[in-house]
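Chain by chain, the residues:
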Amino acid sequence: MRRLPALAVTLGVLLTPLAASPALASSYRYWSFWDGGAKGPWTYATQGTAARPADGTVQGFRFAVSKDAGDEASRPRTAADFAALCAGTPAVDGKKRVALVVDFGVPGDSPPGEAPPQAGPRTACAQVAPDATTAEALASVAKPLRYNSAALLCAISGYPRQGCGEPLADGTREEPKTAPAGDGGPSAGLLAGVAAVAVLAVAAVLRSRRRSR
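Reading the values: the criteria
Residues numbered from 1 in each chain as written. Predicted model: local features only at pLDDT ≥ 70, side-chain atom pairs only at ≥ 80, totals over all residues. Heavy atoms only, no water. Disulfide = S-S within 2.5 Å. Helix = DSSP H or I, 4+ residues; strand = E, 2+ residues; numbered from the N terminus. Buried < 20%, exposed > 50% of the residue type's maximum accessible area, 1.4 Å probe, protein only. Core = buried A, V, L, I, M, F, W, Y, C linked by side-chain atoms within 4.5 Å. Contact = heavy atoms within 4.5 Å. 1 Å grid on protein atoms, 1.4 Å probe; cavity = no way out; pocket = protein on both sides within 12 Å on 5 of 7 lines; lining within 4 Å. Points joined across faces, edges and corners; volume = space filled by probe spheres on them. Nonpolar A, V, L, I, M, F, W, Y, C, P; charged D, E, K, R; others polar. Phe/Tyr/Trp six-rings, centres within 6.5 Å; stacked < 30°, edge-to-face > 60°.

S.K.: Teacher, can you tell me more about the state of the cysteines here?
M.R.: As used here, a disulfide is simply a covalent bond connecting the sulfur atoms of two cysteines. This model, assessed by the stated rule, comprises two disulfides. Between the sulfur of Cys86 and that of Cys125 lies a disulfide, 1.9 Å long from S to S. Of note, the bridge from Cys86 to Cys125 carries an S-S torsion of about 105° and is right-handed in sense. Taken together, the residues Cys86 in the loop between α2 (82-85) and β4 (96-103) and Cys125 in strand β5 (residues 122-128) connect sequence positions 39 residues apart. Both residues of the pair, Cys86 and Cys125, count as buried. Paired through a disulfide, Cys154 and Cys164 show a sulfur-sulfur distance of 2.0 Å. Of note, the bridge from Cys154 to Cys164 carries an S-S torsion of about -75° and is left-handed in sense. In this pair, Cys154 sits in strand β7 (residues 153-155) while Cys164 sits in the loop between β7 and β8 (166-168), placing the two residues ten residues apart along the sequence.

S.K.: I tried to follow unusual backbone geometry on my own but got confused; where do I start?
M.R.: It is generally the case that most residues other than glycine have a negative phi and that most peptide bonds are trans. At the junction of Gly40 and Pro41, the peptide bond is cis and its omega measures out at 0° in the coordinates. Summarising the element assignment, Pro41 is placed in the loop between β1 (27-37) and β2 (43-44). Phi at Ala151 takes a positive value of approximately 65°, unusual for a residue other than glycine. Relative to the assigned elements, Ala151 resides in the loop between β6 (146-147) and β7. Unusually for a residue other than glycine, Ser157 sits at a positive phi of about 55°.

S.K.: Would you take a moment to explain the nonpolar core for this structure?
M.R.: Soluble, globular proteins show a tendency: their nonpolar side chains are buried together. The biggest cluster of nonpolar side chains holds 18 residues, and the ones touching the most others in it are Trp31, Phe61, Leu100, Val102, Ala137, Leu138 and Ile156. When residues of this core are traced back to their parent elements, those giving at least two are β1, β3 (57-66), β4, β5 and α3 (134-139). Per element, the largest residue contribution to this core is three residues, and it comes from β4. The residues touching Trp31, leaving out its near neighbours within four places in the chain, are Phe61, Arg62, Phe63, Val102, Asp103, Phe104, Leu153, Cys154, Ala155, Ile156, Tyr159 and Pro160. Core analysis: the next-biggest nonpolar cluster, separate from the first, contains twelve residues, Trp42, Ala80, Val101 and Cys125 among them.

S.K.: How should I be thinking about the layout of surface pockets in this particular structure?
M.R.: By rolling a water-sized probe across the atoms, one finds the places where empty space is left. Put simply, the largest pocket is a space of about 360 Å³. Lining the largest pocket are 18 residues, with Tyr30, Trp31, Phe33, Leu152 and Leu153 positioned closest to its centre. With five residues, β1 is the largest single contributor of residues to the lining of the largest pocket. Here the residues of the lining of the largest pocket are counted per class, giving eleven nonpolar, six polar and one charged.

S.K.: Sorry if this is basic, but what is going on with the packing of aromatic side chains here?
M.R.: Aromatic ring pairs are reported here in terms of the distance separating the ring centres and the angle at which the planes meet. Applying the stated rule across the entire model yields six aromatic pairs. Ring geometry for Phe33 against Phe61: centres 5.0 Å apart, planes inclined by 10°, an arrangement best described as stacked. Residue Phe33 is located in strand β1, and its partner Phe61 is located in strand β3; the two are separated by 28 residues in the primary sequence. Summarising the burial analysis for this pair, Phe33 and Phe61 share the class buried. Centre to centre, the rings of Trp34 and Tyr44 are 5.2 Å apart; their planes meet at 80°, and the pair counts as edge-to-face.

Pasting the structure below:
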């Protein structure tokens, strides 16, 4: 009987990651930043709005409740196509053109008491100085912008009115998307592995008890 406490400790250690996994699944309500190149696809940007996009590129922004990761965050719902987005803006010497897609998201992702300013994404073709940053290009077509003390972009065109990247325990969204394997909880493989180890541990203790009799 002295071996049973040891078994309980072993099983507790094995099951601890499962109990903790929901805390790791938190999402955030925030503006994500995307690089579309000249003609897509959208890729999650890691440089932030201080980046200096090249002439003829597309930059995207999407407000949503999602994970802060490229394979899980919500992408802009308009294709990254510079030729189409800047077709009505002729090139000018001494300036660069940067196409912008600003997607305010869906009502289900809005902060309490707020709603997206428009249903679909807003597009614009910013014509700015050759060394202008993404923030400067965005400010030229989508003011007012709001940043927090850490220079995190909190609002575009005044949306949302308050808040900035709040972590949310439940990342439910109105616009479902296919989740990567294991998203939202332990994967089937992990559960099966833990179950198998637990069974082997029980069997080992039982065999040990039989030998000691």
